[in-house]
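As a plain string of letters, each chain reads:
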Amino acid sequence: MGFARTCSVALVGVEGVVVEVQADLEPGVAAFTLVGLPDKSLTESKDRVRAAVVNSGGEWPQKKLTVGLSPASVPKGGSGFDLAVACAVLGAAERIDPRVLTDIVMIGELGLDGRVRPVRGVLPSVLAAADAGYEQVVVPECTAAEAALVPGISVLGVRSLRQLIAVLTDEPVPEEEPDEPGRPDPMLAGLCVPGAGVGTGLSGGLDDAHALDLADVVGQTAARTAVEVAAAGAHHIFLQGPPGAGKTMLAERLPAILPRLTREESLEVTAVHSVAGMLPPGKPLVDTAPYCAPHHSATMQSLVGGGKGVARPGAVSLAHRGVLFLDEAPEFSSQTLDSLRQPLESGHVVIARSAGVVRLPARFLMVLAANPCPCGRHTRRDDSCECPSSVVRRYQARLSGPLLDRIDLKVEVEPVTRSQLAGHGTRGDSTQTVADRVRTARERAAARLAGTRWRMNSEVPGHELRTRWPAEPGALEVAELDLEHGFLTARGLDRVLRVAWTVADLAGRDRPSAQDVALALQLRTGVSRGVPMAIGAVT
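Per chain, the residues get numbers from 1 upward, laid out in the order the sequence is written. pLDDT decides what is reported in this predicted model: residues at 70 or higher carry local features, side-chain atom pairs at 80 or more are listed and counted, and totals for whole chains, interfaces and linings draw on all residues regardless. Heavy atoms from the whole structure form the basis of all side-chain values; hydrogens and water molecules are not counted.

**Describing the overall build of the chain**
Part 1 of the reasoning: Within the chain, the secondary structure is distributed over 22 helices and 17 strands.
Part 2 of the reasoning: Partitioning the intrachain contacts of the chain with sequence separation of at least 6 by distance along the chain shows that 71% fall at a separation of at least 24.
Part 3 of the reasoning: Under the convention used here, Asp and Glu are negative, Lys and Arg are positive, and both His and the chain ends fall outside the count. By convention, the charge on Lys lies at NZ, on Arg at CZ, on Asp at CG and on Glu at CD. Between the centroid of the 55 positive side chains of the chain and the centroid of its 62 negative side chains there is a distance of 5 Å. In this text, helices come from DSSP runs of H or I with a minimum length of four residues, and strands from runs of E with a minimum of two, each type numbered from the N-terminal end. Here, two residues are considered to be in contact whenever any of their heavy atoms come within 4.5 Å of each other.

Printed below as a string of structure tokens:
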């Protein structure tokens, strides 16, 4: 009788569970039994592993073989267990010393010819192995750079099962034939989801956004100010205006003015995109704010996450630490929009399924864009709208009050005039100039919040802002009157105070003044408070 064990990782959402892969050989009729709640793709690994071992020069044991995946109560899926199963079988057959396999975590799919193919979710898998105390991992060669992002882990990238056997048995490592230059690499197919490109609105990192200049947006002083405040404090924003006014242009340029992700944030974002199969080719670490723009026909599962079996990340998780842009927001279903309430408040999504409960990160900056009415011509200055008042009210009511109460900034985007398009007006600040101001404001906020669990103004509870970091005396008087008159809710007052702190950080003030609060109220309610809609003009 032979026995060997090694380890792999099962992913539950974006979190990993280390799984012990055990192989047992007993005398009897040759058979291969796989136990431990495997799914269909994992059950099929029996044939892949057998063919890979034989084609790699190994001898398949003609005995009763049982492979167990422990803990057996955790559902396991995917083809990433192939490498661990093959090595455990070879260890039980004494082709590999079983003692060598005990403390190694193996992740990878096997081709029938013995090549090691990449799988999605390598980074969260290696993070789970590191948290469990393992120091050695074996991954496919093309994902070794992704696995090496985890500190304190020794990563071995292999191209074939033959190479791994040689390394584990101290034999000469065979050289694999290189791929022909210019030909597509079929090994990369395991890292991508079909159709997951920039055109779908589900891109891992919108690098093209950095080529879009905010100065290209004509006019829209109020909207540009709101976008800058939103970026500086991570405040959610609602842009309402007629078609062609520049709402989408502003949203597409927002990721470029956000600061680059920190190392910790990059690992969080990369882990989500690795599980979703949306890592940019050749770029294992996502270090820029992601941008996600789902179509208004998106289902609730595609937006917040879900699917059969264990839930997979949705658009809100793909936009983690970045921008979620919902264009034509009233066209989304009411149930889909209301499902955003939890992530807007908590920064994560909890999805309960029969296979288990999954917690997915979802701390994003949301941009809603909408026309004022179905025809788009309903404005305060123009009466060319042909929609009946009842239709306008019904259209605008598709965005529920509780959802809009969680939006910090509400701005009406005015139509662009002919003189503005002709370039007669003043050209706005460039993306680089605004990005520098945003970075400085975030640095001021981070210095003030040092020693706390918060990093941005939008994350600080209102109670802390009122007691620990109070505004100037009398600065909140107008906002408190609005609360008494019912124009603001208690949540709305807290959000006004957070925006006021962001305005103060952008203006370089130590704490919010009455003008900062007035501008915050103006940005939230759309009602003029007698202050200019420009940060530099507030004195």
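**Brief notes about the pattern of salt bridges**
Opposite charge on two side chains permits pairing when their charged atoms draw close.
Part 1 of the reasoning: Here a salt bridge means any side-chain nitrogen of Lys or Arg lying within 4 Å of a carboxyl oxygen belonging to Asp or Glu. A complete count under the given rule lists 31 salt bridges for this structure.
Part 2 of the reasoning: Of the charged contacts, one joins Arg5 and Glu20 as a salt bridge, the two residues approaching to 2.9 Å between their closest N and O atoms. Here Glu20 lies in strand β2 (residues 15-26) and Arg5 lies in strand β1 (residues 2-12), a separation of 15 residues in the sequence.
Part 3 of the reasoning: The cut-offs for exposure are 20% and 50% of the maximum accessible area for each residue type, with area from a 1.4 Å probe on protein chains only; residues under the lower value are buried, those over the upper are exposed, and the others partly exposed. Exposure remark for Arg5: the relative accessible area of 31% places this residue in the partly exposed category.
Part 4 of the reasoning: For Glu20, a relative accessible area of 22% corresponds to the partly exposed category.
Part 5 of the reasoning: Here Asp405 and Arg524 are joined by a salt bridge, their closest N and O atoms 2.9 Å apart.

**Quick word on the state of the cysteines**
Part 1 of the reasoning: Disulfides are defined as pairs of cysteine sulfur atoms found within 2.5 Å of each other. In this structure the tally under the stated criterion is zero disulfides.
Part 2 of the reasoning: The thiol of Cys7 is unpaired, and the distance to the nearest cysteine sulfur, on Cys87, comes to 12 Å.
Part 3 of the reasoning: Judged by its relative accessible area of 2%, Cys7 is buried.
Part 4 of the reasoning: The buried category is assigned to Cys87, whose relative accessible area is 0%.

**Quick look at the nonpolar core**
Part 1 of the reasoning: Val229, Ile237, Leu254, Val367, Leu409, Val517 and Leu523 are the most contacted members of the largest nonpolar core, which totals 58 residues.
Part 2 of the reasoning: It is helix α21 (residues 490-507) that contributes the most residues to this core, eight residues altogether.
Part 3 of the reasoning: Beyond its immediate chain neighbours, meaning those up to four positions away, Ile237 contacts Ala226, Val227, Ala230, Leu365, Met366, Val367, Leu368, Ile407 and Leu409.
Part 4 of the reasoning: Val49, Trp60, Ala84 and Leu90 belong to the second largest nonpolar core, which has 38 residues in total. Here, nonpolar core means buried Ala, Val, Leu, Ile, Met, Phe, Trp, Tyr and Cys residues that are tied together by side-chain atoms lying within 4.5 Å of each other.

**A word on the packing of aromatic side chains**
Part 1 of the reasoning: To pair, rings of Phe, Tyr and Trp, with the six-membered ring standing in for Trp, must have centres within 6.5 Å; the planes then decide the type, stacked if under 30 degrees apart, edge-to-face if over 60, and tilted in the middle. Considering all chains together, one arrives at one aromatic pair under this definition.
Part 2 of the reasoning: With a centroid separation of 5.7 Å and an interplanar angle of 40°, the aromatic rings of Phe32 and Trp60 are classed as tilted. Of this pair, Phe32 sits in strand β3 (residues 31-35) while Trp60 sits in the loop between α2 (45-55) and β4 (64-70), and the two are 28 residues apart along the sequence. The same class applies to Phe32 and to Trp60, which are both buried.

**Some words on the pairing of β1**
Part 1 of the reasoning: One ladder, built from eleven bridges, connects β1 with β2; its direction is antiparallel. Following the sheet pairing, Phe3 is matched in β2 by Asp24.
Part 2 of the reasoning: Should DSSP find at least two bridges between two strands, the strands are regarded as paired. The loop that links β1 with its antiparallel partner β2 comprises two residues; one of these, Gly13, has a positive phi angle of about 70°.

**A look at helix α5 (residues 122-131)**
Part 1 of the reasoning: Taken across its ten residues, α5 has seven buried, putting it largely inside the fold.
Part 2 of the reasoning: Buried within α5 we find Val122, Leu123, Pro124, Ser125, Val126, Ala128 and Ala129.
Part 3 of the reasoning: Buried residues in α5 make contact with β1, β2, β5 (104-106), β8 (136-140), α6 (144-147) and α10 (263-276).
Part 4 of the reasoning: Directly after α5, the chain includes Gly133, whose backbone phi takes a positive value near 100°.

**Let's talk about the packing of helix α18 (residues 431-448) against α21**
Part 1 of the reasoning: Look at α18 against α21: their axes get within 8 Å of each other, and the N-to-C directions meet at 115°. Considering the relative orientation of α18 and α21, their crossing is right-handed. Seen from α18, the contacting residues are Arg437, Val438, Ala441, Arg444, Ala445 and Arg448; seen from α21, they are Trp501, Asp505 and Leu506.
Part 2 of the reasoning: Three residue categories are used. Nonpolar comprises Ala, Val, Leu, Ile, Met, Phe, Trp, Tyr, Cys and Pro, charged comprises Asp, Glu, Lys and Arg, and polar comprises the others, including Gly. Here the contact of α18 with α21 is composed, by residue class, of five nonpolar, no polar and four charged. Axis geometry follows a simple rule: fit a line to the C-alpha atoms, using only the stretch in contact for helices, then measure angles between N-to-C directions, giving values from 0 to 180 degrees. When the near helix sits turned anticlockwise from the far one by under a right angle, the crossing is termed left-handed; a clockwise turn instead gives a right-handed crossing.

**Some thoughts on the environment of Ala514**
Part 1 of the reasoning: Locating Ala514 in the fold gives a position in helix α22 (residues 514-525).
Part 2 of the reasoning: Remark: the alpha-carbon pair of Ala514 and Leu101, spanning 413 residues in sequence, is separated by 66 Å.

**Re the pairing of β4**
Part 1 of the reasoning: In terms of strand pairing, β2 meets β4 through seven bridges, oriented antiparallel. Note on β4: the bridge partner recorded for Val21 is Leu69.
Part 2 of the reasoning: Alignment of β3 against β4, held across five bridges, turns out to be parallel. Paired with Ala31 across the strands is Lys64, a residue of β4.

**Thoughts on unusual backbone geometry**
Part 1 of the reasoning: Note the cis peptide between Ser70 and Pro71, where omega equals 5°.
Part 2 of the reasoning: Following the sequence through the fold, Pro71 ends up in the loop between β4 and α3 (82-92).
Part 3 of the reasoning: Non-glycine residue Glu94 carries a positive phi angle of around 65°.
Part 4 of the reasoning: Structurally, Glu94 can be placed in the loop between α3 and α4 (98-101).
Part 5 of the reasoning: Judged by relative accessible area, which is 66%, Glu94 ranks as exposed.
Part 6 of the reasoning: Positive phi outside glycine occurs at Arg321, with the angle close to 65°.
Part 7 of the reasoning: Considering the arrangement of structural elements, one finds Arg321 in the loop between α12 (315-318) and β13 (323-326).

**So, the environment of Ser8**
Part 1 of the reasoning: With respect to the secondary-structure elements, Ser8 resides in strand β1.
Part 2 of the reasoning: Put simply, Ser8 and Glu459 are 451 residues apart on the chain and 36 Å apart in space, counted from C-alpha to C-alpha.
Part 3 of the reasoning: When sequence neighbours within four positions are dropped, the list of residues in contact with Ser8 reads Val17, Val18, Val19, Val21, Gly80, Phe81, Ala84, Val105, Met106 and Ile107.
Part 4 of the reasoning: As used in this structure description, the phrase polar contact means that two N or O atoms lie within 3.5 Å; if the pair is within protein, one of them must be able to donate a hydrogen and the other to accept it, and residues adjacent in sequence are counted only when both atoms belong to side chains. Polar side-chain contacts of Ser8 include one of 2.8 Å to the backbone oxygen of Met106.

**Focus: the packing of helix α8 (residues 221-233) against helix α9 (residues 247-257)**
Part 1 of the reasoning: Where α8 meets α9, the axes come as close as 10 Å, and the angle between the chain directions of the two elements is 40°. For the element pair α8 / α9, the angle class is oblique. The two elements α8 and α9 meet at a crossing, and its hand is right-handed. Each of Ala223, Arg224, Val227 and Ala231 in α8 lies in contact with α9, whose residues at this interface are Leu250, Leu254 and Ile257.
Part 2 of the reasoning: A class-by-class count of the residues in the contact of α8 with α9 yields six nonpolar, no polar and one charged. The scheme is simple: roughly parallel for angles under 35 degrees, roughly antiparallel for over 145, roughly perpendicular for 65 to 115, oblique for anything else.

These figures capture arrangement, not role.
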